[in-house]
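Remarks on the overall topology
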Amino acid sequence: MEKLAKQYVDNFMTQLIARNPNEPEFHQAVREVAESLAPYIVSDPVLQKMKILERIAEPERVVIFRVPWLNDKGEIEINRGYRVQMNSAIGPYKGGIRFHPSVNLSILKFLAFEQTFKNSLTTLPMGGGKGGSDFNPKGKSDNEVMKFCQSFITELFRHIGQDTDVPAGDIGVGGREIGFMFGQYKRLRDEFTGTFTGKGLDWGGSPLRPEATGYGVCYFAQEMLATRGESFEGKTVAISGSGNVAQYAAEKATQLGAKVVTMSDSSGYIYDPDGIDAKKLEYVMTLKNVFRERIKEYAERYPSAQYFPGERPWGVKCDIAMPCATQNELNGENAKALVANGCICVAEGANMPSTPEAIAVFQSHKLLYSPGKASNAGGVATSGLEMSQNSWRLQWTREEVDQKLHSIMKNIHEVCVQYGTEPDGYVNYVKGANIGGFMKVANAMLAQGCV
Ligand code: NDP
Ligand code: 2IT
């Protein structure tokens, strides 16, 4: 069986790579899922005959478009916009929009692929999608960001809708950008609908959506730690990133009794052995969200901290690591350093932050390790709750949303344990999340025929 499964993965990946050349991130994400699912697929003639995995790995639709806009000097700038509509078997396409100069088709296809499984794990009716642009918001004025968002939506509006495709935020897209995109969408459609999530609280947003991804990562980590009689209390935590996910992961970890000692951005990381407490975190939030400045400033403001330019925080001694910046930001060497320093738990806030080599190190040392599609699902889950509130035209309280988020994260953990427990009792959360996420989508596709 093992041999058959390996053969299946090899054949499947050879074809996938031939059909999708030069898309390394997409290949990486698909291979991980194919490896988890292969034993099931080779033992199920229906899944094979109906080519379920082959269809899941082919986007239902990809839209690529020109985004021309005028900068503050009156010059024309041109970016490229994308929306990958991956899978709508269990609900409208759902997933974030990323604005970052690195954005390309490979990155968006990997993200949309991951999103399909993640959204299924939330138990809410959402298909998988992802979009974005190679636009770089860094250093742009509010006016330039608005002009760009308006041009982006002037094409994208015809491809999205509350029952078709519901975008949200991701890297480089937060409340400001969602506001500009929603405003232009509403103007073009002449409709006030829940077509975007992550909206402002006064115009259809959900309480706790900004906090949801970071809080959800901590709720998931709490469940993992509890399987070994552990908790956040008294633990040292290393976090990468200093954006939306990192900020609220740091907030919740601190509330749960841990000491967060690192945060980072693409220029370097800060190490504060005294801990980034609530007051210091408030400073980080203002620094990053209001002034849009660099994390380096932290070390100038707080002498207890040191700044390490051009480095990532994985060499620091910690009990728990939460990568919350970007894909492939933690490699095999970083993983070995974390293990050597006594780290017991790695909960991913970002999408695919650990390389395959890093995952192999974590799993061979039996660390509690959760892939992003399980532990960062709280963000899109709360987007799903925002969609429900929009459909009902009402708003739940923060407490109600927090309680629902908490129970969704606990449920995802249970599903991972159900499908991912190895004969020796070790929980392989990668396997658990991939199989658990696949089931519902596969069953829906089987029921809906060859579409
Ligand atoms: P933000 O834009 O708010 O923050 C991103 C952070 O990551 C910044 O600190 C940024 O630094 C850093 N970063 C971005 N690119 C790189 C890079 N190439 N190398 C090093 N650091 C980098 O984004 P989010 O916090 O929303 O997203 C972070 C991760 O979480 C992403 O992987 C995203 O897909 C994932 N995610 C987000 C969800 C959400 O609800 N927002 C939900 C689930 C997952 P700098 O300022 O220097 O660019
Ligand atoms: O990667 C993700 O799950 C997100 N960026 C959030 C997507 C969403 O629709 O809320």
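What this report covers is the structure whose coordinates are included nearby. Since this is a predicted model, take the numbers as computed values, not measurements.

Rules of the game
Residues numbered from 1 in each chain as written. Chains lettered and ligands numbered in written order. Predicted model: local features only at pLDDT ≥ 70, side-chain atom pairs only at ≥ 80, totals over all residues. Heavy atoms only, no water. Near = heavy atom within 4 Å. Polar contact = N/O pair within 3.5 Å; in protein donor to acceptor, adjacent residues only side chain to side chain. Helix = DSSP H or I, 4+ residues; strand = E, 2+ residues; numbered from the N terminus. Contact = heavy atoms within 4.5 Å. Pairing = 2+ DSSP bridges. Axes fitted to C-alpha atoms, helices over the stretch in contact; angles between N-to-C directions. Areas by Shrake-Rupley, 256 points an atom, 1.4 Å probe, with all protein chains shown as cover. Parallel < 35°, antiparallel > 145°, perpendicular 65-115°, else oblique. Left-handed = near helix turned anticlockwise from the far one by under 90°. Nonpolar A, V, L, I, M, F, W, Y, C, P; charged D, E, K, R; others polar. Core = buried A, V, L, I, M, F, W, Y, C linked by side-chain atoms within 4.5 Å. Buried < 20%, exposed > 50% of the residue type's maximum accessible area, 1.4 Å probe, protein only.

Below, the discussion takes up the site of ligand 2. What surrounds ligand 2 is a group of 14 residues, the closest being Lys94, Lys118, Asp170, Arg209 and Ser383. Here an oxygen atom of ligand 2 sits 3.0 Å away from a polar atom, N or O, in the side chain of Lys130. Take Arg209: an N or O atom from its side chain is 2.9 Å from an oxygen atom of ligand 2. Secondary-structure elements contributing two or more residues to the shell around ligand 2 are strand S3 (93–99), helix H5 (105–121) and helix H15 (377–392).

The next point concerns the environment of Pro371. Here Pro371 shows up in the loop between strand S12 (368–370) and helix H14 (372–375). Sequence separation of Pro371 and Val67 is 304 residues, and the distance between their C-alpha atoms is 33 Å. Once residues within four sequence positions are removed from consideration, Pro371 is found in contact with Glu348, Tyr429, Val430 and Ala433.

What follows is about the sheet that holds strand S2 (residues 76–87). An order of S1-S2-S4-S3-S5 is seen for the five strands of this open sheet, with the pairing classed as mixed. Only two strands of the sheet have a single neighbouring strand rather than two, namely strand S1 (61–70) and strand S5 (165–168). When the angles between neighbouring strand axes are averaged without regard to direction, this sheet yields 20°. Running over the sheet, helix H6 (residues 142–156) touches S1, S2, S3 and strand S4 (128–133) and is turned about 140° from S1.

Near ligand 1 there are 25 residues, and of these Asp170, Thr213, Ser266, Arg294 and Asn351 occur at the shortest range. Within the contact set of ligand 1, an oxygen atom lies 3.0 Å away from a backbone nitrogen or oxygen of Val245. Side-chain polar atom of Arg294 to an oxygen atom of ligand 1: 2.6 Å apart, as the coordinates give it. For ligand 1, the protein covers 85% of the area, taking 890 Å² as the surface of the free molecule.

Where helix H8 (residues 209–226) contacts helix H16 (residues 398–420), the axes come no closer than 9 Å and their chain directions differ by 45°. The orientation of H8 with respect to H16, classified from their angle, is oblique. The chirality of how H8 crosses H16 is right-handed. Where H8 approaches H16, its residues Glu211, Ala212, Tyr215, Gly216, Tyr219, Phe220, Gln222, Glu223 and Met224 are matched on the opposing element by Arg398, Asp402, Leu405, His406, Met409, Lys410, Ile412, His413 and Cys416. Partitioned by chemical class, the residues of the contact of H8 with H16 number nine nonpolar, four polar and five charged.

Let's shift gears to the sheet that holds strand S8 (residues 268–271). Sheet architecture is open: seven strands sit in the order S9-S8-S7-S6-S10-S11-S12, paired in mixed fashion. Only two strands of the sheet have a single neighbouring strand rather than two, namely strand S9 (306–309) and S12. When the angles between neighbouring strand axes are averaged without regard to direction, this sheet yields 15°. Pairing geometry for S8 and S9, over four bridges, is antiparallel. Pairing of Gly268 across the sheet is with Pro309, part of S9. Sheet strands touched by H8: strand S10 (320–323), strand S11 (345–347) and S12. Its angle to S11, the strand with the most contacts, is close to 150°.

Here we come to the nonpolar core. Nonpolar side chains in soluble globular proteins generally cluster together in the buried interior. Grouped together as the largest cluster of nonpolar side chains are 61 residues, with contacts concentrated most on Phe232, Ile239, Met263, Met322 and Ile412. For this core, the leading source of residues is H8, giving nine residues. Residues Tyr82, Ile90, Met352 and Ala444 belong to the second largest nonpolar core, which totals 40 residues.

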